[in-house]
Amino acid sequence: MKMFRIRSAKHPMLNMILPLYSSTFPVGERRTPGALLKMLTVDQMRLMVVSDIGKFVGFMIYWQFRDFIFLEHMAISPKLRGLGYGRRMMHELMDKSHYQIVLEVEHPTEQTSKKRIRFYEGLGFMKIPHPYFQPPYEKNGKPIPMVLMALTSFNDMATLNDTLRQIREEVYERFYL
């Protein structure tokens with residue numbers, strides 16, 4: 001399995017990434033494809049494509065901050081789900097990182113979201129018992145209630161609040177149109 005970063009809006013793998021991105025994440029939980037393409041040169045943001053034996057597997061989008069990584073999106077091609085690629089992708093990210101990893105998932109209201117939470121818990125992530133709303137991707141959008149998860153617990157509320165502030169300002173509000 002190979003994972004590499006895409007920085008150009010003309011990269012041929014985007015022909016596979018963008019349809020998967022749009023079909024996997026609801027409109028309120030993702031950027032427009034055009035907005036995503038404009039962000040490929042943002043230093044903190046990493047759009048990583050994953051392939052195996054030359055075959056497209058999926059992608060992940062994460063943000064590298066000074067003290068933590070924020071995993072914004074991860075998706076596996078539908079034909080390859082359940083084959084361990086998601087776990088391998090996460091292990092690759094976790095092995096490379098000496099930082100806290102933070103992510104957000106939907107509330108466990110149906111089987112898919114429950115399965116997703118179990119997946120991350122199986123990797124060692126824990127739910128952060130703090131009310132959390134994903135900030136909107138557009139200036140006048142509505143926040144979405146989510147569950148916040150992290151690889152290690154936060155030592156204090158000040159650290160958690162600072163982490164959430166950085167995510168809100170640098171991942172969302174910074175790019176409002």
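Before reading further, recall that the structure is shown in the block above.
Residues numbered from 1 in each chain as written. Predicted model: local features only at pLDDT ≥ 70, side-chain atom pairs only at ≥ 80, totals over all residues. Heavy atoms only, no water.

Looking only at helices and strands, one finds five helices and eight strands in the protein chain. A compact globule built from 177 residues would reach a C-alpha radius of gyration of about 16 Å, and the protein chain, at 16 Å, matches this within 12%. A principal-axis box enclosing the C-alpha atoms of the protein chain has dimensions of 45 × 35 × 35 Å. Residue burial in the protein chain is summarised as follows: out of 177 residues, 47% are buried. Of the contacts formed within the protein chain by residues at least 6 apart in sequence, a portion of 64% connects residues at least 24 apart. (Helix = DSSP H or I, 4+ residues; strand = E, 2+ residues; numbered from the N terminus. Rg over C-alpha atoms; globule rule 2.2 N^0.38 Å. Buried < 20%, exposed > 50% of the residue type's maximum accessible area, 1.4 Å probe, protein only. Contact = heavy atoms within 4.5 Å.)

The next subject is the nonpolar core. Of all hydrophobic cores here, the largest spans 37 residues; its most connected members are I17, M45, L47, F59, W63 and F70. Put simply, the parts of the chain that give this core at least two residues each are α1 (14-24), β2 (45-52), β3 (55-64), β4 (68-76), β8 (144-150) and α5 (157-172). The contact partners of F59, leaving out residues within four places of it in the chain, are I17, L20, Y21, F25, L47, M48, V49, H73, M74, A75 and M89. If you look at the next biggest cluster of nonpolar residues, it comprises 25 residues, including V57, Y85, L103 and L123. (Core = buried A, V, L, I, M, F, W, Y, C linked by side-chain atoms within 4.5 Å.)

As a further point, take α5. Between its first and last C-alpha atoms α5 spans 21 Å; for 16 residues at 1.5 Å apiece the expected length is 22 Å, and the two agree. Listed in full, the buried residues belonging to α5 are L160, T163, L164, Q166, I167, V171 and Y172. Take α5 and look down its axis: the buried residues cluster within an arc of 160 degrees, on one side only. Tucked inside the fold, the buried residues of α5 contact β3, β4, β5 (100-106), β7 (132-134) and β8. (Expected span 1.5 Å × (residues − 1). Arc of directions from axis to C-beta.)

Moving on: the layout of surface pockets. As a volume, the largest pocket reaches approximately 860 Å³. Around the largest pocket, the lining is made up of 31 residues, and of these M74, R81, R116, F119 and Y120 lie nearest the centre. Every element with two or more residues in the lining of the largest pocket is listed here: β4, α3 (85-96), β5 and α4 (111-122). Along the lines of polarity and charge, the residues of the lining of the largest pocket split into 14 nonpolar, eight polar and nine charged. (1 Å grid on protein atoms, 1.4 Å probe; cavity = no way out; pocket = protein on both sides within 12 Å on 5 of 7 lines; lining within 4 Å. Points joined across faces, edges and corners; volume = space filled by probe spheres on them. Nonpolar A, V, L, I, M, F, W, Y, C, P; charged D, E, K, R; others polar.)

Summarising the element assignment, Y132 is placed in strand β7. For the pair formed by Y132 and V147, sequence separation is 15 residues and the distance between their alpha carbons is 6.3 Å. Setting aside residues up to four positions removed in sequence, Y132 forms contacts with E104, I144, P145, M146, L148, L164 and I167. There is a polar contact of 2.5 Å between the side chain of Y132 and the side chain of E104. (Polar contact = N/O pair within 3.5 Å; in protein donor to acceptor, adjacent residues only side chain to side chain.)

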